[in-house]
Protein chains: 6
Amino acid sequence: MKKVVTFGEMMLRLKPQENERIIQANQFSALYGGSEANVAVSLALFGDQAQFVSKVPAHAVGEAAIGTLRRYGVDTSQILQGGPRLGIYFFEKGASVRNTSVVYDRAGSSFALSQADEYDWNRILADADYFYFSGITPAISSETTQAILAACQYCVENQVKVVCDLNYRGKMWTTTQAQVTMDKLMPYVDICLANDEDFEASLGIKAFDGDMSRGIEQKADFIAGMKKIIEKYPNVQTVASVLRNIKSVEDSQWMGLMINHDQVYDTPVYPIHVWEGVAAGDAFGAGLMHGIINNFDPQKQLDFAIAASVLKLTISGDLNLVNESEVLAVMNKQNGMRVMR
Amino acid sequence: MKKVVTFGEMMLRLKPQENERIIQANQFSALYGGSEANVAVSLALFGDQAQFVSKVPAHAVGEAAIGTLRRYGVDTSQILQGGPRLGIYFFEKGASVRNTSVVYDRAGSSFALSQADEYDWNRILADADYFYFSGITPAISSETTQAILAACQYCVENQVKVVCDLNYRGKMWTTTQAQVTMDKLMPYVDICLANDEDFEASLGIKAFDGDMSRGIEQKADFIAGMKKIIEKYPNVQTVASVLRNIKSVEDSQWMGLMINHDQVYDTPVYPIHVWEGVAAGDAFGAGLMHGIINNFDPQKQLDFAIAASVLKLTISGDLNLVNESEVLAVMNKQNGMRVMR
Amino acid sequence: MKKVVTFGEMMLRLKPQENERIIQANQFSALYGGSEANVAVSLALFGDQAQFVSKVPAHAVGEAAIGTLRRYGVDTSQILQGGPRLGIYFFEKGASVRNTSVVYDRAGSSFALSQADEYDWNRILADADYFYFSGITPAISSETTQAILAACQYCVENQVKVVCDLNYRGKMWTTTQAQVTMDKLMPYVDICLANDEDFEASLGIKAFDGDMSRGIEQKADFIAGMKKIIEKYPNVQTVASVLRNIKSVEDSQWMGLMINHDQVYDTPVYPIHVWEGVAAGDAFGAGLMHGIINNFDPQKQLDFAIAASVLKLTISGDLNLVNESEVLAVMNKQNGMRVMR
Amino acid sequence: MKKVVTFGEMMLRLKPQENERIIQANQFSALYGGSEANVAVSLALFGDQAQFVSKVPAHAVGEAAIGTLRRYGVDTSQILQGGPRLGIYFFEKGASVRNTSVVYDRAGSSFALSQADEYDWNRILADADYFYFSGITPAISSETTQAILAACQYCVENQVKVVCDLNYRGKMWTTTQAQVTMDKLMPYVDICLANDEDFEASLGIKAFDGDMSRGIEQKADFIAGMKKIIEKYPNVQTVASVLRNIKSVEDSQWMGLMINHDQVYDTPVYPIHVWEGVAAGDAFGAGLMHGIINNFDPQKQLDFAIAASVLKLTISGDLNLVNESEVLAVMNKQNGMRVMR
Amino acid sequence: MKKVVTFGEMMLRLKPQENERIIQANQFSALYGGSEANVAVSLALFGDQAQFVSKVPAHAVGEAAIGTLRRYGVDTSQILQGGPRLGIYFFEKGASVRNTSVVYDRAGSSFALSQADEYDWNRILADADYFYFSGITPAISSETTQAILAACQYCVENQVKVVCDLNYRGKMWTTTQAQVTMDKLMPYVDICLANDEDFEASLGIKAFDGDMSRGIEQKADFIAGMKKIIEKYPNVQTVASVLRNIKSVEDSQWMGLMINHDQVYDTPVYPIHVWEGVAAGDAFGAGLMHGIINNFDPQKQLDFAIAASVLKLTISGDLNLVNESEVLAVMNKQNGMRVMR
Amino acid sequence: MKKVVTFGEMMLRLKPQENERIIQANQFSALYGGSEANVAVSLALFGDQAQFVSKVPAHAVGEAAIGTLRRYGVDTSQILQGGPRLGIYFFEKGASVRNTSVVYDRAGSSFALSQADEYDWNRILADADYFYFSGITPAISSETTQAILAACQYCVENQVKVVCDLNYRGKMWTTTQAQVTMDKLMPYVDICLANDEDFEASLGIKAFDGDMSRGIEQKADFIAGMKKIIEKYPNVQTVASVLRNIKSVEDSQWMGLMINHDQVYDTPVYPIHVWEGVAAGDAFGAGLMHGIINNFDPQKQLDFAIAASVLKLTISGDLNLVNESEVLAVMNKQNGMRVMR
């Protein structure tokens with residue numbers, strides 16, 4: 001079985017209950033997640049071999065984070081334990097015209113303070129087939145950026161494919177910082193995921209006008225943007241993206257788009273009633289990787305990825321708690337929208 | 001006051017909280033219900049005389065099931081107590097493209113293991129006017145099928161009307177098994193409820209093409225199917241059905257349809273935002289029975305039934321916790337959709 | 001900073017959890033609110049100086065009510081403590097075709113039994129700029145009506161502006177009673193809020209045909225009604241209103257409308273997915289007052305008010321827990337409907 | 001089967017969760033109870049025939065109260081529905097040196113405002129064997145006192161035995177008021193329950209020095225007090241009491257004491273770890289009545305009553321949710337204090 | 001690292017919240033456990049290599065059971081998936097004089113219906129050092145008994161040590177059945193855990209008079225019983241036991257006792273305030289095994305085991321969620337009973 | 001009214017529910033507190049004028065912290081808003097032999113990063129009578145230490161009394177660091193609170209042998225220690241302390257001890273059943289300050305302080321949510337340990 005190693009930060013997510021705002025909350029649901037951890041969990045639930053690499057504190061909160069990954073089948077044996085704290089984010093679900101919002105409390109985490117040389121890639125990637133990171137990881141520190149570079153170096157030398165979800169976070173770094181850093185990493189990337197503003201913010205390539213209410217209408221621009229990525233970084237064989245028309249916090253439409261070895265693929269548009277609009281990009285990435293690992297043809301890779309992604313929008317928490325057959329059912333419209341009994 | 005006796009299995013329903021999946025849940029809401037019990041509760045809340053007959057274990061879980069029925073005014077004096085266990089079902093509410101799903105854990109229940117001769121119909125039905133069962137009950141065991149046959153025998157001889165909701169369950173028996181059994185029971189039935197695939201699965205009569213997203217458009221086929229039922233079983237005086245266009249887990253349209261003494265009735269189409277898409281068929285049956293018992297004219301019977309049914313879609317749990325005036329308000333569009341204060 | 005004093009009753013609100021009906025509930029969320037208290041809290045959260053005047057019992061439940069106001073920055077120093085009880089209302093959130101409903105349990109409250117002369121307006125209003133009450137307060141008792149009259153007298157003599165939200169409550173008094181009382185109070189009012197049936201029920205002025213599903217279409221009639229108010233009570237300089245098309249418990253459209261010194265203003269129509277359809281009128285009033293206090297131009301006053309109001313529909317509880325920048329973001333469509341991170 | 005009719009008020013009990021104080025609570029557990037309702041429920045759970053008579057409002061909260069009784073098997077057919085509200089009490093569980101405390105909000109309830117002649121005792125008591133009330137009921141209003149007198153009149157004339165639990169409540173009336181009223185009622189009483197300060201507060205008979213930490217040590221004084229009751233009201237055949245040494249909110253010792261036809265009975269002393277120190281007196285009363293109804297000998301009556309009472313101290317809510325075999329197990333020390341499995 | 005393989009049934013445990021009884025509960029905490037699974041989890045948390053072998057259904061509930069084990073580090077790769085259901089038990093925590101009680105609903109489970117030959121011991125035990133089962137497993141079915149016998153056979157032939165916790169369950173089989181079966185298994189056992197009535201019920205050896213309130217006082221009898229076990233089954237090198245004085249559900253005293261190669265060891269007596277009195281025997285077993293695996297001397301093995309066991313009594317659920325240093329702190333009385341900060 | 005200004009850090013406290021461990025928790029209760037904030041809240045609830053000074057982040061979590069203080073009447077007008085984060089601590093309640101434990105996550109908080117010169121003591125302390133800090137504040141950073149020194153300087157020059165609770169925290173600094181720093185601060189202190197190891201850890205004065213199970217027995221040593229403090233820092237007029245015998249997490253005995261102007265005072269010993277063993281030292285400090293502010297005689301000051309302190313042990317959260325009359329009731333043994341009704 002092919003093995004995917006993902007590398008990034010894991011955080012404790014605290015969410016008020018029953019649509020409350022943080023300011024009024026006196027209970028928080030506690031879940032653990034993080035972009036690359038989410039990808040690893042989703043792959044493990046699809047039956048693939050997934051390992052997550054990170055650093056978490058050596059106390060009960062760190063243990064709980066690791067326990068979450070283990071629970072869903074992720075290999076956690078290479079996670080470092082130590083350092084001061086686990087990053088936290090407070091998640092406040094929006095409604096209607098009120099945006100979902102996040103209060104980050106991730107500074108000074110064990111991962112952010114970890115040193116590049118703590119990660120022994122020779123050992124970690126020894127039997128890996130894919131190395132996966134998102135743009136969040138290099139945004140955290142120069143050490144984590146160095147760690148990625150070292151990993152990529154190993155990958156190039158050892159035929160491990162590199163996957164990068166650009167995943168720009170405006171609260172973490174500027175576009176200039178992102179572009180300088182990503183320009184160093186992109187030459188190693190085989191598969192690139194780019195959504196919405198990522199093209200411009202992370203790579204300086206214009207592909208989207210910023211209006212989330214009509215992303216699907218800009219499909220041609222996205223295709224052009226994808227082609228520019230491949231032009232600039234010819235090592236990139238695949239660029240994939242989710243296009244979205246977001247009407248309100250609850251209502252949106254999603255479509256997958258991909259260029260794979262110069263061929264363009266897209267998917268039907270899914271109208272969606274959103275439960276939690278987070279981590280669907282990670283679900284898309286995991287879905288795509290599952291298709292690639294299991295030798296789906298490119299169209300099926302993309303169909304599977306977008307179906308996985310829209311399923312995530314119905315799930316509580318950062319983790320896409322669905323198995324392969326559930327994704328296939330959505331993808332093949334086998335769900336008659338009834339209670340199965 | 002006319003009395004309705006319903007006969008079937010009652011179960012413990014375990015539901016994760018706040019949209020969680022079973023795999024991640026560590027809390028379950030515990031409610032008790034079951035098709036025929038739901039009908040009895042709804043009738044009792046409408047102010048009718050309703051009795052439920054079944055068998056539940058003689059321990060705290062069985063007591064809790066009985067207590068639920070008593071709480072809402074159902075006569076539980078003829079429920080047998082004994083046997084090993086109460087059936088359970090895990091209920092996972094879906095969202096958007098993710099189906100609501102059910103994990104049944106009902107094998108080996110006290111009811112499933114009960115013997116036909118444990119039910120003394122002479123006593124139970126002594127002052128009954130209607131005997132109500134659904135297709136779930138004969139699907140449970142040959143003994144429960146025998147029990148229904150014995151009850152029907154009594155009904156025929158004592159002018160008790162028999163009501164059957166076909167309620168086909170594909171996880172419980174095959175269509176062949178269902179058709180063989182239902183063919184023995186239908187000759188006793190005065191009032192028949194048939195929804196969606198029930199026509200074909202339970203009776204072998206084609207009326208619906210299986211596409212839940214466009215049931216209302218198939219009204220003519222449903223009418224034809226209803227007529228075939230009456231043709232085949234001339235004892236049937238009434239056939240009623242809910243027609244549905246299901247867009248997603250949350251959004252659907254519902255309409256009532258009925259043939260009563262050869263006259264066709266239908267209702268306006270209700271657009272609905274669904275909270276829990278379960279037990280609305282039972283609510284429809286109870287609504288119809290309430291109209292019949294209280295001598296509503298057939299159009300009002302059907303209007304009341306469909307209004308009761310769409311109200312159920314807004315309620316947590318299997319029981320339609322609404323009273324008669326609330327159903328009438330929906331039926332008469334008296335609700336201005338505002339907070340009443 | 002300008003200071004607003006609001007006067008009215010505060011209540012304990014008990015709400016079943018997770019969409020349950022009162023009849024099945026065994027847990028209630030406990031929140032505290034009341035029309036004029038809600039206005040005070042919203043103003044305080046906008047950074048304005050707001051004081052609430054009322055009477056609550058001198059026990060733990062009364063303390064909790066006061067604590068809620070203090071928590072969000074309202075001056076509670078003039079709230080009287082004593083009397084038998086805090087009014088309660090049971091709040092049952094509706095869904096789809098099932099109306100949200102309220103069971104009032106407010107009779108005999110400390111506020112309802114308070115005497116007009118317990119309120120020392122000379123002291124209370126000494127540094128006030130605005131005095132705000134809703135039609136609920138005079139509906140409670142003749143003593144509270146007398147208290148308002150005494151306050152208005154003070155206002156007239158001391159250049160304090162009077163604001164009245166007509167807020168008719170059919171469960172509290174008849175239209176005849178309301179009209180007789182309001183006719184005594186209106187001559188003191190500078191700013192009048194009137195919604196839906198308030199025009200006719202409180203003032204005997206026809207402006208709305210009662211069909212909540214098409215309020216926006218009746219804009220011309222509302223304008224005519226507003227003009228009649230100003231004609232009848234020339235002291236009124238501003239009349240503002242929310243027009244609504246309510247499709248179901250979850251779905252509606254809202255628009256603001258105002259006459260200010262003979263000029264008519266309106267706002268774009270907001271389509272809304274409603275979380276809790278209560279206290280949005282209070283949020284509108286607070287939004288308008290915030291604009292007035294801070295010298296927004298009239299169009300911006302109304303735009304801010306309606307944006308505040310639609311935000312309230314996304315919040316749990318009676319209090320509009322949003323700050324000024326959040327309202328401005330909605331008003332200026334700055335929300336890209338994405339998670340901000 | 002002998003039938004017991006109990007008469008009194010039922011209330012909604014609101015309790016903060018997880019040991020919170022009312023002032024900090026934003027969730028309340030909602031349960032329904034009341035002294036005489038508690039007795040009826042306990043008897044029904046013991047398998048006896050019990051009916052509760054009262055008046056509750058005709059809305060969802062009143063329905064929920066009735067539903068609670070029905071759930072546990074009490075006959076609710078004679079409960080009147082109407083009037084303004086259900087009484088409420090806020091229950092704050094203490095701990096260690098902090099007393100459990102109650103905020104009453106019971107004024108103006110449907111029961112308190114009910115008229116004596118609304119209760120048709122000829123019909124209500126037609127097949128009753130025992131009529132049970134506590135001193136709370138006459139404390140509520142002169143009308144409820146009149147209702148009791150009318151019921152007692154019926155009882156005397158129809159060989160229905162009268163049971164009175166003195167149950168003095170200092171927050172409801174003065175000792176003078178209590179003594180005047182109880183002196184009118186005692187001549188009808190066959191069985192009298194008197195605890196702690198009841199002797200003096202309700203009847204003016206000194207039996208207890210008020211020190212709850214050493215009630216058991218005052219056994220001789222209690223016996224003397226009991227004898228004085230019988231002397232003064234020779235119609236009383238039985239006086240029963242619980243003697244308590246209360247060390248802290250959690251820790252106490254309980255013992256039963258009874259004079260029955262001049263014979264003194266007592267029980268072993270039970271050391272108890274208290275979960276909720278309420279309604280144990282009602283549980284004692286129900287336990288005694290169960291023994292009497294089922295012809296236990298007097299010693300067994302008392303043993304059963306005290307065992308029922310100490311079991312209640314381990315239960316959440318006002319209702320003693322135990323069956324006969326569970327009481328017998330405690331009484332016979334059959335519980336090996338292990339998990340039964 | 002030494003590896004322990006445990007074999008048995010895993011169940012879903014449903015527990016009412018906040019001390020409620022099953023009859024009143026409408027929420028259950030859902031946890032997963034089972035005697036041998038508990039041992040495996042405890043060992044994994046101590047840092048040992050532990051594998052659990054069983055059969056669970058291939059649906060979401062079965063997945064959740066497996067996920068629980070993985071979360072805490074147990075190797076689940078040899079768990080079979082299939083069959084109808086996961087066993088369930090309803091757990092009702094007692095208080096004071098009210099026993100903790102359990103309603104079993106375990107009949108017909110996937111494990112109970114599994115066949116002996118489904119377990120391929122050659123593969124499962126290939127790198128095992130210890131094979132651990134409790135008396136519950138052979139009580140489930142003759143097939144599970146056969147499976148144990150096959151495993152023991154393998155152990156004997158491959159120098160894998162066999163550990164048996166007698167763990168008699170009176171609700172599962174009679175003492176006669178137990179003795180016949182255990183007599184076949186004991187000849188394979190190297191390490192035997194025997195508590196309370198196990199001696200007599202499982203082996204017919206009298207060691208305890210059945211009075212749980214004075215187990216510690218019977219130390220001499222327990223030693224005698226242990227010696228008889230070794231006499232009868234000379235393959236047994238170690239017999240260990242927990243001696244208990246149980247005062248009430250909350251209060252008890254615990255002491256460890258062991259014969260190891262003819263030497264008797266005991267421990268100090270721990271007075272304990274019990275949170276949940278379940279699975280402490282499994283915690284004892286895991287503690288002992290941890291000591292054995294890590295070459296603690298026998299006295300330290302027993303000290304560690306009893307400290308682990310009393311820690312379990314403070315934990316929610318069946319799993320002893322403590323690590324080695326926490327046990328050592330209790331064992332060495334390093335806990336000053338203060339908040340560590 | 002005398003005014004007390006307290007200065008320190010406020011944190012978010014996250015606590016698992018129902019006795020769960022952090023490692024298994026998926027819900028946290030969220031409360032806000034901190035040693036000096038707790039003192040301010042307690043004083044405000046006693047009716048005193050209390051102000052809290054600190055720095056919290058300018059986002060929703062910081063707002064919630066401030067809101068908590070305002071809710072209970074503390075003046076928050078001088079709290080600075082800005083910086084990166086609010087400190088957090090995970091609170092895991094122990095049981096029996098398992099210690100309550102805390103995972104601190106307070107590094108890098110807005111308060112820890114605040115600069116000494118951000119606090120304008122001339123303004124803040126303009127109308128203060130007492131300045132209160134604990135040893136936690138100087139342990140946080142050299143800047144906070146400087147801020148205290150600046151405040152103390154102001155106090156000395158302006159007749160503001162300085163109160164210091166030594167409150168040594170071994171997880172925050174070494175005893176050497178503490179002693180060096182405290183030695184600079186003590187010369188300003190008028191009233192000193194010192195508990196358990198504080199004497200030695202903070203001041204290098206031996207008064208306690210470290211055995212928490214027998215603190216009360218060491219009363220003479222504590223008195224000697226107190227005298228040494230006064231000897232070394234003659235500006236200190238009052239030294240007060242809580243002496244404890246801690247038997248287990250739940251059970252302990254507490255006693256107050258004080259030297260006030262050379263006179264020794266003590267209190268009765270309170271046996272306590274502990275609900276939450278945190279922040280009782282803060283409650284003691286607030287109780288003492290309340291007595292001092294309100295001119296209680298020294299014996300009553302100490303009696304009130306210890307009664308406040310033992311009440312805190314029964315409360316959820318860091319805040320001592322009791323009023324003056326509740327403390328007096330405990331102090332005067334007016335509580336008969338019964339439900340007050």
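Residues numbered from 1 in each chain as written. Chains lettered and ligands numbered in written order. Predicted model: local features only at pLDDT ≥ 70, side-chain atom pairs only at ≥ 80, totals over all residues. Heavy atoms only, no water.

Short version of the rule: UniProt positions are given in the numbering used here, feature names are shortened, and annotations may be inferred rather than shown by experiment.
Identification of chain A as Sugar kinase from Bombilactobacillus bombi is taken from an unreviewed UniProt entry. Per UniProt, the comment on chain A under Sequence similarities (unreviewed entry) is "Belongs to the carbohydrate kinase PfkB family."

### Details of the UniProt feature "domain: Carbohydrate kinase PfkB" (unreviewed entry) in chain A
Quick reminder of the rule: For the purposes of this entry, the term helix denotes a DSSP run of H or I that reaches at least four residues, the term strand denotes a run of E that reaches at least two, and both are numbered from the N terminus.
Mapped onto the present numbering, the UniProt feature "domain: Carbohydrate kinase PfkB" (unreviewed entry) falls on residues 1-318 of chain A. Spanning residues 1-318 of chain A, this segment combines 34% helix with 25% strand, and its end C-alpha atoms are found 25 Å apart.

### Considerations on the interface of chain D and chain F
Often, the extent of an interface is quoted as the loss of accessible area on bringing the components together. Put simply, the test is: The contact rule is simple, with two residues in contact once any of their heavy atoms fall within 4.5 Å. Buried area is calculated as the accessible area (1.4 Å probe) missing from two parts once they are joined, with the contributions of both summed. Pairing of N or O atoms within 3.5 Å defines a polar contact, subject to two protein rules: one partner must be a possible hydrogen donor and the other a possible acceptor, and residues neighboring in sequence count only if both atoms are side-chain atoms. All amino acids are sorted into three groups, where Ala, Val, Leu, Ile, Met, Phe, Trp, Tyr, Cys and Pro are nonpolar, Asp, Glu, Lys and Arg are charged, and the leftover types, Gly among them, are polar.
Taken together, the contacts link 31 residues of chain D with 24 residues of chain F. For the pairing of chain D and chain F, the buried interface totals around 2500 Å² over both sides, and the portion due to carbon and sulfur atoms is 53%. By the criterion of area lost to chain F, the three top residues of chain D are D:Glu18, D:Val97 and D:Asn99, representing 26% of everything that side buries. Where chain D packs against chain F, one counts ten residue pairs in polar contact (both at pLDDT 80 or more). If you list the elements that add at least two residues to the side of chain D that touches chain F, you get strand 8 (101-105) and strand 12 (238-246) of chain D. If you tally residues by element for the side of chain D that touches chain F, the top one is strand 8 of chain D, at three residues. Considering only residue class, the side of chain D that touches chain F consists of ten nonpolar, ten polar and eleven charged.

### Looking at the relation of the copies chain C and chain F
We count it as follows: Least-squares superposition aligns the copies on the C-alpha atoms of those residues with pLDDT at or above 70 in both.
You can overlay chain C on chain F at an RMSD of 0.0 Å; the transform is a turn of 180° with a shift of 0.0 Å along its axis. The transformation relating the two chain copies, once decomposed into turn and shift, fits a two-fold axis. Among all residues of chain C, the one whose C-alpha sits closest to the rotation axis is C:Arg71, at a distance of 2.0 Å. The overlap is high: 100% of the interface residues of chain C also sit at the interface in chain F, so the same surface is used on both sides.

### Considerations on the sheet that holds strand 2 (residues 11-16) of chain A
Put simply, the test is: Here the rule is simple: two strands pair whenever DSSP picks up at least two bridges between them. Think of each axis as a best-fit line through the C-alpha atoms, taken over the contacting stretch in the case of a helix, with angles from 0 to 180 degrees between the N-to-C directions.
Read from one edge of the open sheet, eight strands run 8(A)-7(A)-2(A)-3(A)-3(F)-2(F)-7(F)-8(F), paired in mixed fashion. Of all the strands in the sheet, the pair left with one neighbour each is strand 8 (101-105) of chain A together with strand 8 (101-105) of chain F. The mean inter-strand angle of the sheet, taken between neighbouring strand axes irrespective of direction, is 30°. Relative to strand 3 (residues 27-33) of chain F, strand 3 (residues 27-33) of chain A is paired through three bridges, and the arrangement is antiparallel. Note on strand 3 of chain F: the bridge partner recorded for A:Ser29 is F:Gln27.

### Quick word on the relation of the copies chain D and chain F
Least-squares fitting of chain D to chain F yields an RMSD of 0.0 Å, with the transformation described by 0.0 Å of translation along the axis and a rotation of 120°. Such a combination of rotation and displacement between the chain copies is what one expects of a three-fold axis. Within chain D, D:Glu18 has its C-alpha nearest the rotation axis, a separation of 4.4 Å. Taken together, the interface assignments show that only 6% of the residues at the interface of chain D recur at the interface of chain F, consistent with different surfaces on the two copies.

### Comments concerning the interface of chain C and chain F
Heads up, the rule is: Whenever a carboxyl oxygen of Asp or Glu lies within 4 Å of a side-chain nitrogen of Lys or Arg, that contact is scored as a salt bridge.
In this complex, chain C contributes five residues to the contact, which on the side of chain F involves five residues. Three residues, C:Gly67, C:Arg70 and C:Arg71, lead the burial of chain C against chain F; their summed loss comes to 88% of the area buried on that side. On inspection of chain C and its partner chain F, the count reaches zero salt bridges. Where chain C touches chain F, the interface holds three residue pairs in polar contact (both at pLDDT 80 or more). Per-class residue counts for the side of chain C that touches chain F are one nonpolar, two polar and two charged.

### Side note on the packing of aromatic side chains
The test is simple: In this scheme Phe, Tyr and Trp rings, the latter by its six-membered ring, pair at centre separations within 6.5 Å, and the angle between planes marks the pair as stacked below 30 degrees, edge-to-face above 60, and tilted otherwise. Each residue gets one of three labels from its accessible area relative to the maximum for its type: buried under 20%, exposed over 50%, partly exposed in between, using a 1.4 Å probe on protein chains only. Here, over-ring charges are defined by two tests on the NZ atom of lysine or the CZ atom of arginine: distance to the ring centre within 6 Å, and angle to the ring normal within 35 degrees.
Enumeration according to the criterion identifies 87 aromatic pairs over all chains in this entry. Ring centres of D:Tyr89 and D:Tyr104 lie 6.2 Å apart, and the angle between their planes is 45°; this geometry places the pair in the tilted category. Residue D:Tyr89 is located in strand 7 (residues 87-92), and its partner D:Tyr104 is located in strand 8; the two are separated by 15 residues in the primary sequence. With a centroid separation of 5.9 Å and an interplanar angle of 35°, the aromatic rings of F:Phe131 and F:Phe133 are classed as tilted. F:Phe133 matches F:Phe131 in its accessibility class, with the two residues each being buried. Here the aromatic cluster, defined as three or more aromatic residues joined through ring pairs, consists of A:Phe7, A:Phe111, A:Tyr119, A:Trp121, A:Phe131 and A:Phe133. Above the plane of the ring of A:Phe91 lies A:Arg13, whose end atom (NZ or CZ) is 4.3 Å from the centre. Directly above the ring of A:Phe296 sits A:Lys300, whose terminal nitrogen or CZ lies 4.1 Å from the centroid.

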